[in-house]
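Structural overview for review
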Amino acid sequence: MTAPAFTLSDLTGDYTLDPAHSRIGFVARHAMVTKVRGAFNVFEGSAVLDGDNPEKSSAKVVIKAASIDTRNEQRDGHLRTNDFLDPETYPEITFVSTSAVVVDENNYELIGDLTVKGVTKSITIPFAFEGAAKDPFGNTRVGFEGSVTINRKDFGITWNAALETGGVLVSDKIVLEFEVSAIKNA
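Attention here is on the structure that accompanies the text. If you're wondering where the values come from, they're calculated on a predicted model, not measured in any experiment.

A few words now on the environment of Gly118. With respect to the helices and strands, the residue Gly118 is situated in the loop between strand S8 (107-116) and strand S9 (119-134). Separated by 20 residues in sequence, Gly118 and Thr98 place their C-alpha atoms 18 Å apart.

Written as structure tokens, this is what we have:
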């Protein structure tokens, strides 16, 4: 016997991101020939889902910039300097939604303000609803995945190095990736 599916209305409520089961990552091209993937290991977030009026849903995420992790200590050290994120001066990267758009029953766009290194720009993140479930602890859990491409120069992150063969060491375009599991607040 299978459990009944959740309706969007059933999911209405306040949620807290579950960092242990979520990932906020990024992809950048390196030396014009490969991709470097990384993630932020420390973040928190909240969301309000309105199942009856999904356009009224909202989200906020706060990322600790110093938690950047590309699995390379030397590169991570450079990313923590003023050449890139400068977490001593700008300890947090934030995203605060300003509106939501329903594309279809499983796809949404979250529009909001992304602040990186003290610069705020409006971005639109397409999200796919991955489902909802009751976990073994009785919590209602929802999942969303999305990604968006930004230009790091728009946020004042301009450091680069020219390559002898042409091109640059680090791409201007960065893909931000969101794999989110959130738990409904009791």
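Quick look at the layout of surface pockets now. Roughly 600 Å³ of volume is contained in the largest pocket. Lining the largest pocket are 32 residues; nearest its centre among them are Phe26, Ile68, Leu79, Phe84 and Ile174. Breaking the lining of the largest pocket down by element, the ones donating at least two residues are strand S2 (23-30), strand S3 (34-40), strand S5 (58-64), helix H1 (73-79), strand S7 (92-104), S8 and strand S11 (170-184). Taken together, the residues that form the lining of the largest pocket break down as 24 nonpolar, 5 polar and 3 charged.

Now for unusual backbone geometry. Despite not being glycine, Asp86 shows a phi value in the positive range, around 45°. Within the secondary structure, Asp86 is located in the loop between H1 and S7. The class of Asp86 is buried, set by a relative accessible area of 12%. Phi at Lys117 is positive, roughly 55°, even though this residue is not glycine. By the element assignment, Lys117 lies in the loop between S8 and S9.

Quick look at empty space enclosed by the protein now. Within this structure, the stated rule accounts for 1 cavity of 30 Å³ or more. Each pocket or cavity is described by its volume, and for the largest cavity that value is around 450 Å³. Along the wall of the largest cavity there are 28 residues; nearest its centre are Ala47, Leu49, Ala59, Leu110 and Phe144. Contributions of two or more residues to the lining of the largest cavity are made by strand S1 (13-17), strand S4 (43-49), S5, S7, S8, S9, strand S10 (140-151) and S11. Among the elements that line the lining of the largest cavity, the one with the most residues is S4, at 4 residues. Among the residues making up the lining of the largest cavity, the classes are represented as 22 nonpolar, 4 polar and 2 charged.

Before going further, it helps to examine the pairing of S7. Bridge count for S5 against S7 is 5 bridges, and the pairing is antiparallel. For Lys60, the partnering residue across the bridge sits in S7 and is Val96. Bridge count for S7 against S8 is 9 bridges, and the pairing is antiparallel. Within the sheet, the bridge partner assigned to Val101 lies in S8 and is Glu109. Once S7 ends, the chain turns through 2 residues before running back antiparallel as S8.

What counts, and where the lines are drawn
- Residues numbered from 1 in each chain as written.
- Predicted model: local features only at pLDDT ≥ 70, side-chain atom pairs only at ≥ 80, totals over all residues.
- Heavy atoms only, no water.
- Helix = DSSP H or I, 4+ residues; strand = E, 2+ residues; numbered from the N terminus.
- 1 Å grid on protein atoms, 1.4 Å probe; cavity = no way out; pocket = protein on both sides within 12 Å on 5 of 7 lines; lining within 4 Å.
- Points joined across faces, edges and corners; volume = space filled by probe spheres on them.
- Nonpolar A, V, L, I, M, F, W, Y, C, P; charged D, E, K, R; others polar.
- Buried < 20%, exposed > 50% of the residue type's maximum accessible area, 1.4 Å probe, protein only.
- Pairing = 2+ DSSP bridges.

These figures come from the coordinates and say nothing about function on their own.
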